[in-house]
Amino acid sequence: GIDIMLVLDLSWSMMAVDMAPPGEKITRFEIADEVLGDFIQKRPNDRIGLVVFSGVPYLASPLTLNHEWLKENLGRMHIGTIGDLGTAIGDAVAVAAKRLKSVPNSKSKVIILLTDGDNNRGEIEPLPAAQLAAAVGAKIYSIGIGIEKPCYLPAFDPATGKLKPDANGNLTPTLLLQPANYSVLGKISELSHGNFYRATNRRELLNIYNQIDQLEKTEVKLKRYSTYEPLFQWPLLAALAALALEITLGNTRYRRVP
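What this report covers is the structure whose coordinates are included nearby. Values in this document were obtained by computation on a predicted structure and should not be read as measured data.

Points about the pattern of salt bridges
Evaluation of the coordinates by the stated rule reveals twelve salt bridges. Between Arg76 and Glu72 there is a salt bridge, with the nearest N and O atoms lying 3.9 Å from each other. One end of the pair, Arg76, and the other, Glu72, are both in helix H2 (residues 67-76), four residues apart, so they sit about a helical turn from each other. Classification of Glu72 by relative accessible area gives partly exposed; the value is 44%. Here the residues in one salt-bridge network are Arg43, Asp46, Asp213 and Lys217, joined through shared partners.

Structure representation (structure tokens):
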């Protein structure tokens, strides 16, 4: 298996419902949570950890093969879990990179970053964080989610992460959210030899995680094959030695009786 750190944005903008099918009230976070659970299920042999972040990063799970425990911890997360508002992408990537650095003899190290915002908090900028990840041998797959147009943040309860519809069941718009500038995500992935993706609905996000799943399975297979050493010379040498021995004995007192 390989070592994967999932890095998930828990900023308030993840409560937007712009990625939901018409007539449904599904938030960006709910879609991401479902797709992440599906991805974890497909990688039973990998150690997977989880960093969530808003204004600060939080290690929700260290690298583990106990994926049921990992999914339980993911299930405890919601928008509002982290009280510090903002989007600290650089700090979150740095925490994930440091976790991967501590893993000896890793076949492959991967960070999968999912965010819907611009870095506006934290002590480490995204590009130096990506350089740190590259230095520890980790590649970053970054995913920017959300529609490329302004949308409203619906009213919700930060204590529970649940939407707060009005008496008629309609969502109450609050802040107007601007689409993020995702160019920095492309640079993060480029610096660390990973890929950048965009998702504007659940199907696209699911396809992205499926692509990453296949890419990493292929990468591990290639590495496994490339480490094989040709050992044919040893049986060949043994056969030649046996042949030489037989020729030598054949010309001595051990010659076969006719």
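Details of helix H4 (residues 126-135)
Every α-helix winds through 3.6 residues per turn, so residues three or four apart in the chain are directed the same way. Those residues of H4 not exposed but buried are Pro126, Ala129, Ala130 and Ala133. Taken down its axis, H4 places every buried residue within 100° of arc, on the same side. Positive phi shows up at Gly137, right after H4, with a value of about 85°.

Side note on the packing of aromatic side chains
Counted according to the given criterion, the structure contains two aromatic pairs. Pairing Trp12 with Phe156 gives two aromatic rings, centres 5.1 Å apart and planes at 80°, and the pair type is edge-to-face. Taken together, the residues Trp12 in the loop between strand S1 (3-9) and helix H1 (28-42) and Phe156 in strand S7 (residues 156-157) connect sequence positions 144 residues apart. Under the relative-accessibility criterion, Phe156 is labelled buried at 10%.

Regarding the packing of helix H3 (residues 89-101) against H4
The N-to-C vectors of H3 and H4 enclose an angle of 10°; their axes lie 8 Å apart at closest approach. Compared by their axis directions, H3 and H4 come out roughly parallel. Along its contact with H3, which presents Gly90, Val93, Ala94, Ala97 and Lys98, the element H4 presents Pro126, Ala129, Ala130, Leu132 and Ala133. Residue classes in the contact of H3 with H4 are distributed as eight nonpolar, one polar and one charged.

Structural notes on helix H5 (residues 183-191)
Those residues of H5 lying buried are Leu185, Ile188 and Ser189. Across the axial projection of H5, the buried residues extend over an arc of 90°, all falling on one side. Looking at the packing, one finds that the buried side of H5 touches H3, strand S4 (109-115), H4, strand S5 (138-145) and strand S10 (196-199). Where H5 ends, the next residue or the one after it, His193, has phi of about 65°, a positive value.

Details of the pairing of S5
A large share of S5 lies buried, amounting to eight of its eight residues. What you see with S5 is no split at all: Ala138, Ile140, Ser142 and Gly144 on one side and Lys139, Tyr141, Ile143 and Ile145 on the other are buried throughout. With seven bridges connecting them, S4 and S5 associate as parallel partners. Bridging from a neighbouring strand, Val110 pairs with Lys139 of S5. Once you follow S4 into H4 and on to S5, the crossover reads as right-handed. One ladder, built from four bridges, connects S5 with S10; its direction is parallel. Note that in S10 the partner of Ile145 across the bridge is Ala199.

Cut-offs applied
Residues numbered from 1 in each chain as written. Predicted model: local features only at pLDDT ≥ 70, side-chain atom pairs only at ≥ 80, totals over all residues. Heavy atoms only, no water. Salt bridge = Lys/Arg side-chain N within 4 Å of Asp/Glu carboxyl O. Helix = DSSP H or I, 4+ residues; strand = E, 2+ residues; numbered from the N terminus. Buried < 20%, exposed > 50% of the residue type's maximum accessible area, 1.4 Å probe, protein only. Arc of directions from axis to C-beta. Phe/Tyr/Trp six-rings, centres within 6.5 Å; stacked < 30°, edge-to-face > 60°. Axes fitted to C-alpha atoms, helices over the stretch in contact; angles between N-to-C directions. Parallel < 35°, antiparallel > 145°, perpendicular 65-115°, else oblique. Contact = heavy atoms within 4.5 Å. Nonpolar A, V, L, I, M, F, W, Y, C, P; charged D, E, K, R; others polar. Pairing = 2+ DSSP bridges. Right-handed = clockwise from strand over helix to strand, strands pointing away.

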